[in-house]
Amino acid sequence: MRFKDVSLPVGDVAREIRSDRSFPKGNLDWKHLKEYLKSIGFSDSKLEIVRNAFNYYLAEKSR
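Residues numbered from 1 in each chain as written. Predicted model: local features only at pLDDT ≥ 70, side-chain atom pairs only at ≥ 80, totals over all residues. Heavy atoms only, no water.

Chemist: So what's going on with the packing of helix α2 (residues 30-39) against helix α3 (residues 44-61)? Residues and values would help.
Modeler: Two elements in contact, α2 and α3, have axes separated by 11 Å at closest approach and are oriented at 150 degrees. By the criterion of interaxial angle, the relationship of α2 to α3 is roughly antiparallel. As α2 runs across α3, the sense of the crossing is right-handed. Contacts from Trp-30, Leu-33, Lys-34, Leu-37 and Lys-38 of α2 reach α3 at Leu-47, Val-50, Arg-51 and Phe-54. Residues that form the contact of α2 with α3 fall into these classes: six nonpolar, no polar and three charged. (Axes fitted to C-alpha atoms, helices over the stretch in contact; angles between N-to-C directions. Helix = DSSP H or I, 4+ residues; strand = E, 2+ residues; numbered from the N terminus. Parallel < 35°, antiparallel > 145°, perpendicular 65-115°, else oblique. Left-handed = near helix turned anticlockwise from the far one by under 90°. Contact = heavy atoms within 4.5 Å. Nonpolar A, V, L, I, M, F, W, Y, C, P; charged D, E, K, R; others polar.)

This is a description of form; function is not addressed.
Printed below as a string of structure tokens:
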């Protein structure tokens, strides 16, 4: 959600995920997150955006 106010595709995706009441909560790994996003119709380009944001999140979390 750090990117929800960004005027770039990552912000668009963050806002879309934020409005999804079914979005899984808690500690997710990439495999489960990707499966969920594919199940709701995320395109490969959107998946790439989320993967990059997820990797950023993991890097920040491990600091």
